[in-house]
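Per-entry structural report
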Amino acid sequence: MSTNWRELFPTKLTFVIFLLYMSLFIGQGIFVTASQESNNSYGYNTVTVVLLTEVFKLIVSTCLYCRDHNLRSLVRDVHKDRNVLALYMVPAFLYCLYNNLAFVNLATFDPTTYYLLLQLRVVVTGILFQIIFKKYLSQRQWISLIMLTLGCMMKQIDFGSFYSDTNDDSELAAIQQSSINRTAIDAPQAHGKNMSGFDFSLSAVFILAQTICSCLAGVYNEYLLKDKGADVNIFVQNVFMYLDSIVCNAVILLLRGELLDAFSPHNLSSIMRFSVLIIIVNNAAIGIVTSFFLKYMNSILKTFASALELLFTAVLCYFLFSIPIYMNTALAIAVVSYAIYLYTQSPVVNLGKVRPLANLSDATAKSTDKRKLLDEEAAESDLDMV
């Protein structure tokens, strides 16, 4: 068992990245929900918030790069690897759609239902992972992925219908009805939210679109980090991503005719509130931590980190927003948790051309040093084959 944990987290820092990634995503659903009006709408331009988040990410990544380099070096690296900059337009566009759809879907679904439905991406991610990286999943790994999907589907089962018989005057039925009535009074923030899952409406189309964007963006971004851009400084890669993301979000504002109005004093004042600024800071941290996650772990483990968020999100939403945890939600979380446990017995390991991360200085190593390390590894591999 200890060996499997070492495969999941090669170093202590990778485990810290895992926990940080999970915590930040839990915060995303809670912060966005807390910023909504009483009718589940937003009192600010959400696309502008996404754009400002990308700008903040760009500033942070530039500052992190400049700890060991300078701006002239950054411009030189961007120009040298401009072909990788062009390749990053694909995941940048997909993440742009994903981030904007997150606001739309969190206005429709409560955070726990939202994260449960997003877990439908795990099987798609598994298929894309095999196609792009040529690393085929074992039977146990597929079982864990399928169980994870089934756990998400359990969210749709309405166990309350089993107690809807009008002749049922049992104590259990009375207690459940009392609980439902109390929730309706005490949970104004849950009012109008879809808490049952897919209902074959436009909201289902949006959550499916976000799921597909997440799958394609995550696996393709991992491919760039570990293959095409493996010898590029990770903060330079982040600069590529955020530059392209800024362009994508600016185009969305332009197409909506809101590019100039989005930065008017009135709109900016609605954003300059703590409840909105913390969304920008939290989402910016998610973007930077995700790049480390995909470079030094993999997109399969990323989907399981997202699934593990369910338990904590459900509990926090219960206390913060009085959003109830029904039987279908509890069973779904239980099945998802077991699927995660099953996966830890046989995790996917995909480092590509990247060495395990022991400290942050390894991540900022110069490209020439990385190429030298890769050449040494190739020479060692050739000797092993002789």
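Provided above is the structure to which this section pertains.
Residues numbered from 1 in each chain as written. Predicted model: local features only at pLDDT ≥ 70, side-chain atom pairs only at ≥ 80, totals over all residues. Heavy atoms only, no water.

1. Notes on the overall build of the protein
For the protein, the helix and strand inventory stands at 18 helices and 0 strands. When the 386 residues of the protein are sorted by exposure, 51% land in the buried category. Long-range contacts, defined as pairs at least 24 residues apart, comprise 86% of the intrachain contacts of the protein with a sequence gap of at least 6. With the model as given, the accessible surface of the protein reaches about 18200 Å², and the carbon-plus-sulfur share is 66%. (Helix = DSSP H or I, 4+ residues; strand = E, 2+ residues; numbered from the N terminus. Buried < 20%, exposed > 50% of the residue type's maximum accessible area, 1.4 Å probe, protein only. Contact = heavy atoms within 4.5 Å. Areas by Shrake-Rupley, 256 points an atom, 1.4 Å probe, with all protein chains shown as cover.)

2. Remarks on helix H6 (residues 89-108)
Here H6 spans 29 Å end to end across 20 residues, near enough to the 28 Å set by a 1.5 Å rise per residue. In H6, a bend of some 25° at Ala 102 exceeds every other bend along the element. Most of H6 is tucked away, with 14 of its 20 residues classed as buried. (Expected span 1.5 Å × (residues − 1). Bend = angle between axes of the 7 residues up to and from the residue.)

3. Focus on the side chain of Asp 244
Here Asp 244 is to be found in helix H12 (residues 234-255). In this structure, Asp 244 is buried with no salt-bridge partner, the nearest side chain bearing the opposite charge being Lys 57 at 13 Å. Not counting residues within four places of it along the chain, the set of residues in contact with Asp 244 comprises Leu 85, Tyr 88, Met 89 and Ala 92. (Lys, Arg positive; Asp, Glu negative; His and termini not counted. Salt bridge = Lys/Arg side-chain N within 4 Å of Asp/Glu carboxyl O.)

4. Remarks on the environment of Thr 113
Note that Thr 113 resides in helix H7 (residues 111-118). Classification of Thr 113 as buried rests on a relative accessible area of 0%. Sequence separation between Thr 113 and Thr 313 is 200 residues, and the spatial gap between their C-alpha atoms is 9.7 Å.

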